[in-house]
Amino acid sequence: MVQTRSLERAKQFFFRHFERIFVLLLVASLLCINYLIDQKFAFLSFYYLPIILAGFFGGRRFAVFAGVFVMLLVFFFQVFEGLGMDAGLTEVALLTLVPWGGFLILTGYVVGGLAEQRAARLADLKNAYLATLEVLTFHIESSERHQEGHSNRVAELSAAIATEMELSETEIENLRIAALLHEVGTADQRLLRLLSRSVTDETVTVARALRGAAEIIAEYAHYYEIVGDDWDIEALPIPLTVKVLAVADAFETLQMATPVRPAFARWSALEEVEKGAGKTFAREAVHALRVVAGRPEVAAHGKELRAG
């Protein structure tokens, strides 16, 4: 689990600083080719690969700028040192490098455009199934008036806590889906089997989110059977996403009135959750909850959801 979290954080760091890392790698590769390889001209085709990667991960604009940047660097070295030909912008050099640079930029433009179209389609698909799940859970909870909108609020709060704790985007997405279905999934295990079997293509974001959500719900179903006063929760083999869901669910549940008790005020509910920090709830998740609960915009959003 620790190794998986470390890998996720490394991936998150890479994509967060992708542009800077990419530029450094381009400059380093060009310097290595220029000073370590004799047949420099033969390696010009090598730059199609990083430009394709730039288009796929950074989009059309970034790929085009990267192509222009590489072309300018190549022209710079050609002017002062020469790339397998006489130094300077000779006729031979221009006839060779200008078409190469043009196709390089065109490659970045085309690949970046295709990547942006794919990302837009995936975003539309993700928003569609999220909206479907929200409507489904709201409809299920409408039969019990005091629970109406509960899962939606838990989903929003879980995502906010996970973001504060700097979890990866994949973990946040899985957690959001699991929170939307946590009331239904823990009561009916057939939903978990449906989620884990309904989509088999793990390369699709939707499939990964459904499977990840099913795993979180399955773990959360046994959460309160494991935690307690006898053990420090940090020593228990419980995924961090499950710990976040437990904190968000408890905080929102305390603020709902039930037939046996009145609703807790927001800060009273927070104090009750904090009493269980280290035993029932993870300290890191409780600390993140205090930070999130203190934000005016989050509080206002919660009131807006309840009003709806």
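Reading the values: rules and limits
Residues numbered from 1 in each chain as written. Predicted model: local features only at pLDDT ≥ 70, side-chain atom pairs only at ≥ 80, totals over all residues. Heavy atoms only, no water. pLDDT = per-residue confidence, 0-100. Helix = DSSP H or I, 4+ residues; strand = E, 2+ residues; numbered from the N terminus. Contact = heavy atoms within 4.5 Å. Axes fitted to C-alpha atoms, helices over the stretch in contact; angles between N-to-C directions. Parallel < 35°, antiparallel > 145°, perpendicular 65-115°, else oblique. Left-handed = near helix turned anticlockwise from the far one by under 90°. Core = buried A, V, L, I, M, F, W, Y, C linked by side-chain atoms within 4.5 Å. Buried < 20%, exposed > 50% of the residue type's maximum accessible area, 1.4 Å probe, protein only. Nonpolar A, V, L, I, M, F, W, Y, C, P; charged D, E, K, R; others polar.

A. Here's a closer look at the confidence of the model for the chain. With 70% of its residues at a pLDDT of at least 70, the chain reaches an overall mean of 77. Per-element confidence in the chain ranges from a low mean pLDDT of 42 for helix α13 (residues 296-307) to a high of 93 for helix α10 (residues 240-254). Confidence drops under a pLDDT of 50 for residues 198-204, and excluding neighbours within four residues, the segment shows 11 contacts in the predicted structure.

B. Region of the structure containing unusual backbone geometry. Here E166, not a glycine, exhibits a phi torsion of approximately 60 degrees, which is positive. When you line up the elements, E166 lands in the loop between α5 (150-164) and α6 (169-187).

C. Up close: the packing of α10 against helix α11 (residues 266-275). As a packed pair, α10 and α11 sit with axes 9 Å apart at the nearest point and diverge in direction by 140 degrees. When the interaxial angle is binned, α10 and α11 end up oblique. Where α10 crosses over α11, the two elements pack in a sense that is right-handed. Contacts between α10 and α11 involve V247, A250, F251 and L254 from the first element and R266, A269, L270, E272 and V273 from the second.

D. Expanded view of the nonpolar core. The biggest cluster of nonpolar side chains holds 47 residues, and the ones touching the most others in it are I161, Y223 and V273. Secondary-structure elements contributing two or more residues to this core are α5, α6, α8 (205-220), α10, α11 and α12 (283-293). Setting aside chain neighbours within four positions, we find V273 in contact with V247, A250, F251, L254, F281, V286 and L289. F22, L73, V74 and L97 belong to the second largest nonpolar core, which has 20 residues in total.

E. Local environment of the packing of α5 against α12. The geometry of α5 relative to α12 is characterised by a closest axis approach of 9 Å and an angle of 110 degrees between their N-to-C directions. Considering the angle they form, α5 stands roughly perpendicular to α12. Contact with α5, carried on its side by L157, A160, I161 and E164, involves A285, A288, L289, V291 and V292 of α12 and no other residues of that element. Of the residues belonging to the contact of α5 with α12, the class tally is 8 nonpolar, no polar and 1 charged.

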